[in-house]
Amino acid sequence: MRLGALLRGGELLLLDGQLGTGKTTFTQGLAKGMGITDVVSSPTFTLLKEYTSQLRSHTQEETQRGLALYHFDLYRLDDPDEIIDLGFEDYFYGSDVCVVEWADKADLLWPAERLHIHLKMMGETERGLLFTAAGQRYYELLRQFYYATASS
Ligand SMILES: Nc1ncnc2c1ncn2[C@@H]1O[C@H](COP(=O)(O)OP(=O)(O)OP(=O)(O)O)[C@@H](O)[C@H]1O
Ligand SMILES: [Mg+2]
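Residues numbered from 1 in each chain as written. Chains lettered and ligands numbered in written order. Predicted model: local features only at pLDDT ≥ 70, side-chain atom pairs only at ≥ 80, totals over all residues.

## So, the overall build of the chain
Turning to step 1, where the next piece is worked out: Counting its secondary structure elements, the chain contains 5 helices and 6 strands.
Turning to step 2, where the next piece is worked out: Helices and strands in the chain line up, N terminus first, as α-β-α-β-β-α-α-β-β-β-α.
Turning to step 3, where the next piece is worked out: What you see for the chain is a C-alpha radius of gyration of 15 Å, in line with the 15 Å of a compact globule of 152 residues.
Turning to step 4, where the next piece is worked out: C-alpha extents for the chain along the principal axes are approximately 50 × 35 × 30 Å.
Turning to step 5, where the next piece is worked out: Every one of the 152 residues in the chain was classed for burial, and the buried ones make up 26%.
Turning to step 6, where the next piece is worked out: Taking as baseline every contact in the chain between residues at least 6 positions apart, the subset at least 24 positions apart corresponds to 66%. (Helix = DSSP H or I, 4+ residues; strand = E, 2+ residues; numbered from the N terminus. Rg over C-alpha atoms; globule rule 2.2 N^0.38 Å. Buried ≥ 20, exposed ≤ 12 C-beta atoms within 10 Å, placed from the backbone. Contact = placed C-beta atoms within 7 Å.)

## A closer look at helix α2 (residues 23–33)
Turning to step 1, where the next piece is worked out: When we look at burial in α2, the residues that qualify are K23, F26, T27, L30 and A31. With its buried residues spanning 140 degrees around the axis, α2 presents them on a single face.
Turning to step 2, where the next piece is worked out: Just downstream of α2 lies G35, where phi reads positive at about 90 degrees. (Arc of directions from axis to C-beta.)

## Quick notes on the nonpolar core
Turning to step 1, where the next piece is worked out: Grouped together as the largest cluster of nonpolar side chains are 29 residues, with contacts concentrated most on L13, L14, L15, M34, L69, V99 and V100.
Turning to step 2, where the next piece is worked out: For this core, the secondary-structure elements that each account for two or more residues are β1 (12–16), α2, β3 (63–73), β4 (97–101), β5 (114–123) and α5 (136–150).
Turning to step 3, where the next piece is worked out: Dropping the residues within four chain positions of it, L14 is found in contact with V100, A103, W110, R114, L115, H116 and I117. (Core = buried A, V, L, I, M, F, W, Y, C linked by C-beta atoms within 7 Å.)

## Concerning the pairing of β4
Turning to step 1, where the next piece is worked out: Counted residue by residue, β4 has 5 buried out of 5 residues, so it is predominantly covered.
Turning to step 2, where the next piece is worked out: Residues of β4 alternate between two faces, with V97, V99 and E101 on one and C98 and V100 on the opposite face, all of them buried.
Turning to step 3, where the next piece is worked out: The pairing of β1 with β4 spans 4 bridges and is classified as parallel. Of the residues in β4, the one forming a bridge with L15 is E101. (Pairing = 2+ DSSP bridges.)

## What about the site of ligand 1?
Turning to step 1, where the next piece is worked out: By nearness alone, every residue bordering ligand 1 is listed as G17, L19, G20, T21, G22, K23, T24, T25, S42, E101, T125 and R127.
Turning to step 2, where the next piece is worked out: No other element matches the 3 residues that α2 contributes to the shell around ligand 1.
Turning to step 3, where the next piece is worked out: Each residue belonging to the shell around ligand 1 can be placed in one class, and the counts come to 1 nonpolar, 8 polar and 3 charged. (Near = placed C-beta within 6 Å. Nonpolar A, V, L, I, M, F, W, Y, C, P; charged D, E, K, R; others polar.)

## Brief notes about unusual backbone geometry
Turning to step 1, where the next piece is worked out: One non-glycine residue, L47, lies in positive phi territory at about 70 degrees.
Turning to step 2, where the next piece is worked out: Residue position: L47 is located in the loop between α2 and β2 (48–56).
Turning to step 3, where the next piece is worked out: Exposure remark for L47: the 17 C-beta atoms within 10 Å place this residue in the partly exposed category.

## Some details on the environment of T125
Turning to step 1, where the next piece is worked out: Here T125 is to be found in the loop between β5 and β6 (126–134).
Turning to step 2, where the next piece is worked out: Take T125: there are 5 C-beta atoms within 10 Å of it, and that puts it in the exposed class.
Turning to step 3, where the next piece is worked out: Considering only alpha carbons, one finds T125 and T21, 104 residues apart in sequence, at a separation of 10.0 Å.

Have a look at this one:
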């Protein structure tokens, strides 16, 4: 949730980790932090699900379109080229937020700048998360995230 609250649009978050390590659960928290009220479920059978946050303007009572979250799950992807065939690449260079489960299925294809999150099973009720920034903006994002989590 804290990381989601720091997102401004245009971010690419790549998740990897064994079955059941918490990739979907992590995305649910991220969505909440972005102000998304819809229930985020596993997109396993659809490859991609889209959610939009609602921003309420302070001056007017109208709601504006907030950031979109594109939630990918590549578990069932047979060939990384399918991503290109399906036109998914455009999303990764867009101005909304992309989260990709099983990102390691398409390793060579990602933009140079992205945030990697590796999830690991530490025990039945415990998970380890390793965040790795590639690119200045993600380095800065991780720095903010570090302060947001360390201060509470
Ligand atoms: N941070 C966490 N701490 C403890 N348990 C967790 C955590 N995150 C997820 N879990 C539990 O792990 C199980 C699997 O979670 P989840 O479905 O999010 O994993 P996943 O990595 O998306 O799985 P899949 O590989 O099938 O997509 C659930 O029972 C969930 O409650
Ligand atoms: Mg999942």
